[in-house]
Amino acid sequence: MTPEQLKASILQRAMEGKLVPQDPNDEPASELLKRIKAEKEKLIKEGKIKRDKNETEIFRGDDGLHYEKFQDGSVKQIDVPYEIPESWEWVSLEQISQYIQRGKSPKYVSKSSIPIISQKSIQWSGFDLSPSKFLDEKLLNNYDSIRFVQSNDLLWCSTGKGTVGRVTLFTDNYKNGYKHLVVDSHVTILRMLRFANPKFVLEYLSSPIIQDKIDEMTTGSTKQTELNLSTIKKTMVPFPPENEQKRILKKIEILFKKNREYNKYYAQNIQINSEFPEKLRKSILQYAMQGKLVPQDATDEAVEVLLEKIREEKQRLFKKGKLKKKDLQESII
């Protein structure tokens, strides 16, 4: 198993509720969702966010089946991706987010201004502002403050062949001294509500459960694929109790550290295996030339007798004119 396969397996088990045991003393995720819903309503009343008239709510009925509730009060049964523990709940990203919005691409300027976060900035190996294009600092006034990237925002690459689906958790350490940063139209910002752990959502979006289905989730041509905003909002997330989320993240951190060690030894093993055939060939030849490849036989004719036969053969060829006199000269070792 490669390190990448092992990492994917860890995330798969984590998101299926198989990485750590469930604790019956944990408050169920349904209670956590009530607090998240109350927080969203509070922000709406305070005018800090707007109510999305198209937002729906996923819930589990008393019959154990899952349903989607629409703004007009109507309900329909839905299928969920897979079974989860009883204390977990399925939610959509829009249920646990206060802000989900694609960026925009303004007129770019030369360097020495504000870098714009693009899909090239978001790599599985880490976050990097160096590939960014730049925005005139004066144009920041054209942006609502909600569009400024905040610490703990999830940044999800939403377009681009080979880049769509990559996701990272933004922290203030990535700002490189800039007070405000914005994203371009290839990146979507997901800002979680309080009580919704963005690190857990990050691991889910990074897992093979999502990444293996990115092609199914996108639209567009072979040259340009797109993860549209409505698809992102409706993406279903398994939601464990708050304490279990913390245990899962801690376990992932421990296992990923071990996986990095495994990666080092795996790379060494690959190198050894690639070099082994040539080293073995040289070793065989070396043993052969040192008389260590086969055992000596005491009944074998001595090498001096063989050398005398070679001299006699040279003399015979010289007499026939097939060798010159200089070919008969030899040094004695």
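Look up a bit, the structure's there.
Worth saying up front: this structure is predicted, and the values here are computed from it rather than measured.

Draft legend 1. Structural detail: the overall build of the chain. Of regular secondary structure, the chain possesses 8 helices and 16 strands. Since a compact globule built from 333 residues should have a radius of gyration of about 20 Å, the 34 Å found for the chain marks it as more spread out than a globular shape. The dimensions of the chain, computed from C-alpha atoms along their principal axes, are 115 × 55 × 35 Å. Summed over all atoms, the accessible surface of the chain reaches about 20,700 Å², with 51% contributed by carbon and sulfur.

Draft legend 2. Representation of empty space enclosed by the protein within the structure. Per the stated rule, a full pass over the model turns up 1 cavity of 30 Å³ or more. Each pocket or cavity is described by its volume, and for the largest cavity that value is around 40 Å³. If you trace the largest cavity, you find it lined by Tyr99, Gln101, Arg102, Gly103, Lys104, Tyr143, Arg147, Val182, Val183 and Ile189. Breaking the lining of the largest cavity down by element, the ones donating at least two residues are strand 5 (97-102) and strand 12 (182-183). The biggest single contributor to the lining of the largest cavity is strand 5, with 3 residues. When grouped by side-chain class, the residues that make up the lining of the largest cavity number 5 nonpolar, 2 polar and 3 charged.

Draft legend 3. Inspection of the sheet that holds strand 12 at higher detail. What the 3 strands build is an open sheet, ordered 9-6-12; its pairing is mixed. Lying at the two open borders of the sheet, with one neighbouring strand each, are strand 9 (133-135) and strand 12. Examined bridge by bridge, strand 6 (residues 114-117) and strand 12 share 2 bridges and lie parallel to one another. From the neighbouring strand, isoleucine 117 faces strand 12, where its bridge partner is valine 183.

Draft legend 4. Layout of helix 2 (residues 29-45). Look at helix 2: 24 Å from first C-alpha to last across 17 residues, which is about the 24 Å you get at 1.5 Å a residue. Every buried residue of helix 2 is listed here: Ala29, Leu32, Leu33, Ile36, Glu39, Lys40, Leu43 and Ile44. Buried residues of helix 2, seen end-on, are gathered within an arc of 140 degrees and therefore sit on one face of the element. Every exposed residue of helix 2 that faces more than 90 degrees away from the buried side is listed here: Lys34 and Lys45. In this structure, the buried side of helix 2 is in contact with strand 4 (89-92), strand 5, strand 16 (236-239) and helix 7 (242-289).

Draft legend 5. Representation of the sheet that holds strand 2 (residues 66-69). With antiparallel pairing, the 3 strands of this open sheet are ordered in space as 1-2-3. In this open sheet, the two strands that pair with only one neighbour each are strand 1 (57-60) and strand 3 (75-78). Across the sheet, the axes of successive neighbouring strands diverge by a mean angle of 35 degrees, strand direction being ignored. Both strand 1 and strand 2 contribute to a ladder of 4 bridges, which runs antiparallel. The residue bridging phenylalanine 59 from the neighbouring strand is tyrosine 67, located in strand 2.

Basis of the calculations
- Residues numbered from 1 in each chain as written.
- Predicted model: local features only at pLDDT ≥ 70, side-chain atom pairs only at ≥ 80, totals over all residues.
- Heavy atoms only, no water.
- Helix = DSSP H or I, 4+ residues; strand = E, 2+ residues; numbered from the N terminus.
- Rg over C-alpha atoms; globule rule 2.2 N^0.38 Å.
- Areas by Shrake-Rupley, 256 points an atom, 1.4 Å probe, with all protein chains shown as cover.
- 1 Å grid on protein atoms, 1.4 Å probe; cavity = no way out; pocket = protein on both sides within 12 Å on 5 of 7 lines; lining within 4 Å.
- Points joined across faces, edges and corners; volume = space filled by probe spheres on them.
- Nonpolar A, V, L, I, M, F, W, Y, C, P; charged D, E, K, R; others polar.
- Pairing = 2+ DSSP bridges.
- Expected span 1.5 Å × (residues − 1).
- Buried < 20%, exposed > 50% of the residue type's maximum accessible area, 1.4 Å probe, protein only.
- Arc of directions from axis to C-beta.
- Contact = heavy atoms within 4.5 Å.
- Axes fitted to C-alpha atoms, helices over the stretch in contact; angles between N-to-C directions.

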